[in-house]
Amino acid sequence: MATFHPRESRYARREFLQRGAAGAFALSSMGTLLAACGGGNEGSFTPPELNIARPDNPVTHPLFDDNPMIASGLEPESGTLRIYNWNGYLWPRIKKDFAKEYGVKVEETFFETMDEAITKISSGAIDYDVFFPTTDRMSRLVIGKALQPLNHAYLPNLSKTVWPALQDPWYDKGSQYTVPYVTWTTGIGYRKDKTDSRPENYSNPYEIYWDEANKGKVYVLEDSRDAFGHMLLKNGITKVNTEDPDEIELARNDLMSLIDAVNVKYSTNDYTNLPGGLAWVHQMWSGSAVSAQYSLEEGVGPEALGYWFPEDGRGTIGSDMIAIPESAKHPVLAHHFLNYLLDEKHGYDNSVNYVGYQPPFVTLDPDRLVADGVVPPNLKTAIVRESDFDRGYEQTELTPTGQTLWQNAWAEFIAGAR
């Protein structure tokens, strides 16, 4: 049986949405990034138009003569590989094994928000070799030349182990700047031993959030995109990246109604709140549902947990990624590290022993996760399959205007729920 390491939430990174004035990030981050990457001061610089990638608008990002990929056939550099990552998102054993195999040192530095990470990387004041960005920043990162293009000659495992759809993803056609890391879905977790409520027992499963029998024990994720996403889906709106003010207002009103109905709370600690009994119903990420079994109260088995995700796969889904900053001092070594994580054994071990989220490997039989005891049979709905990406709804980058609409609505909810 795998043992997961207690860790910070994988989405502590999205807490930036609750910090600062609503809308400030949407308008300032782009200018800061591009100005730091050679665009001049923010007051005089006019940023280029973003080509925002979406599943129905896949984007091949531009390549730049002054930001070339490294040449093929080079030996890995010596010294120290520096990783910039979310806290608790990489198994320490992986770093140790890679360091030993390549005769180098590996250092990992953590950031709390993507805003913080982009500011530091684009400033040029610090140099990292490996970076874990998010799909909703891709256009800004590429146009700002914060990432260097990848040389696939160093990444044979990309075509060997990764699902075809994520070898050529809509947000980075041809994987020119990124490789995939892990996958996830957003569903609803619940305690079978605490409540009789079951999402599947409602004609509209999202109505479980309003069940007054669970008052004081209902949580949504502290993440505007996911929390509003479930409100949109509850109303039959599958455009989880909508920038329609009326649809965003509808989602906000539904979320606000939960304050009086069930005294709703918000948190990214889904993987401890549900198993610890703080929540009986919790909007939840799939990897957190799997790892929750290791934080249950003493004497309570994993059969007490439930995780609902639409049986037809039409729910929120996504994947995270890895990249190499333009300023990397050890780019060849960094390519080797990316390929190392894409190795079948290393990626699987990283997932089941620490991270909890599954890599998108063709060699990973989803049923093996149950057979190996990683995923209890009652939580098999938390397993992500390649076919889910054909039906699920992925979160994408928003325009600055859309970002502001979402942030303003979220700020209203946070103010009311306190």
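In what follows, the structure referred to is the one given above.
As a starting point, this report considers the structure included with it. Not measured: the values here are computed from a predicted model. (Residues numbered from 1 in each chain as written. Predicted model: local features only at pLDDT ≥ 70, side-chain atom pairs only at ≥ 80, totals over all residues. Heavy atoms only, no water.)

One way to see where empty space is left: roll a probe the size of a water molecule over the atoms. Roughly 300 Å³ of internal volume is contained in the largest pocket. For the largest pocket, the lining is made up of 14 residues, of which Pro55, Asp56, Thr238, Lys239 and Asn241 are closest to its centre. Elements that contribute at least two residues to the lining of the largest pocket include exactly helix H14 (388-391) and strand S10 (393-394). The residue makeup of the lining of the largest pocket, split by class, is 4 nonpolar, 4 polar and 6 charged. Two domains each put at least three residues into the lining of the largest pocket: domain 1 (9-32 + 47-58 + 74-183 + 318-371) and domain 2 (184-316 + 394-415). There is about 230 Å³ of room inside the second largest pocket. (1 Å grid on protein atoms, 1.4 Å probe; cavity = no way out; pocket = protein on both sides within 12 Å on 5 of 7 lines; lining within 4 Å. Points joined across faces, edges and corners; volume = space filled by probe spheres on them. Helix = DSSP H or I, 4+ residues; strand = E, 2+ residues; numbered from the N terminus. Nonpolar A, V, L, I, M, F, W, Y, C, P; charged D, E, K, R; others polar. Domains from an automatic or database assignment.)

Attention shifts here to the packing of aromatic side chains. Two aromatic rings, taken as a pair, are described by how far apart their centres are and by the angle between their planes. Considering all chains together, one arrives at 18 aromatic pairs under this definition. On the numbers, 5.2 Å between centres and 75° between planes, the contact of Phe98 with Tyr340 is edge-to-face. Placement of Phe98 in helix H2 (residues 92-102) and of Tyr340 in helix H11 (residues 331-341) is noted, with a sequence separation of 242 residues between them. Accessibility expressed as a relative area gives 7% for Tyr340, which makes it buried. These aromatic residues form a ring-pair network of at least three members: Tyr84, Trp86, Phe111, Tyr128 and Phe131. The ring of Phe64 has Lys145 sitting right over it, with the charged end atom 4.8 Å from the ring centre. Directly above the aromatic system of Tyr348 lies the positively charged group of Arg368, at a separation of 3.9 Å from the ring centroid. (Phe/Tyr/Trp six-rings, centres within 6.5 Å; stacked < 30°, edge-to-face > 60°. Buried < 20%, exposed > 50% of the residue type's maximum accessible area, 1.4 Å probe, protein only. Lys NZ or Arg CZ within 6 Å of the ring centre and 35° of its normal.)

Core analysis: the largest hydrophobic core is formed by 82 residues, its most contacted members being Leu81, Val130, Phe131, Phe132, Tyr181 and Phe337. The leading source of residues in this core is H11, at 6 residues. With near-sequence residues (within four places) excluded, Phe132 lies in contact with Ile83, Tyr84, Asn85, Trp86, Tyr89, Phe111, Met114, Tyr181, Met321, Ile322 and Leu341. Core analysis: the next-biggest nonpolar cluster, separate from the first, contains 34 residues, Phe228, Leu258, Phe413 and Ala417 among them. (Core = buried A, V, L, I, M, F, W, Y, C linked by side-chain atoms within 4.5 Å. Contact = heavy atoms within 4.5 Å.)

For the pair helix H7 (residues 224-234) and helix H8 (residues 245-262), the least separation of the axes is 9 Å and the interaxial angle reads 105°. Put simply, H7 runs roughly perpendicular to H8. From H7, Ala227, Phe228, Met231, Leu232 and Lys234 reach across to H8, where they touch Glu247, Ala251, Arg252, Asp254, Leu255 and Leu258. Looking at the contact of H7 with H8 residue by residue, the class counts come to 7 nonpolar, no polar and 4 charged. (Axes fitted to C-alpha atoms, helices over the stretch in contact; angles between N-to-C directions. Parallel < 35°, antiparallel > 145°, perpendicular 65-115°, else oblique.)

Here Thr185 lies in strand S4 (residues 178-191). In terms of polar contacts, Thr185 uses its side chain to reach the side chain of Tyr307, at 2.8 Å. (Polar contact = N/O pair within 3.5 Å; in protein donor to acceptor, adjacent residues only side chain to side chain.)

Within H11, 10 of the 11 residues are buried, which leaves the element mostly enclosed by the surrounding structure. Every buried residue of H11 is accounted for by Pro331, Val332, Leu333, Ala334, His335, Phe337, Leu338, Asn339, Tyr340 and Leu341.

Structurally, Phe228 can be placed in helix H7. A relative accessible area of 1% means that Phe228 is categorised as buried. Considering only alpha carbons, one finds Phe228 and Val240, 12 residues apart in sequence, at a separation of 8.1 Å.

Moving on, we come to unusual backbone geometry. In this model, Lys145 sits at a positive phi of 55°, which is unusual for a non-glycine residue. Within the secondary structure layout, Lys145 lies in the loop between helix H4 (138-143) and helix H5 (156-161). In this structure Lys145 comes out as partly exposed when scored by relative accessible area, which is 24%.

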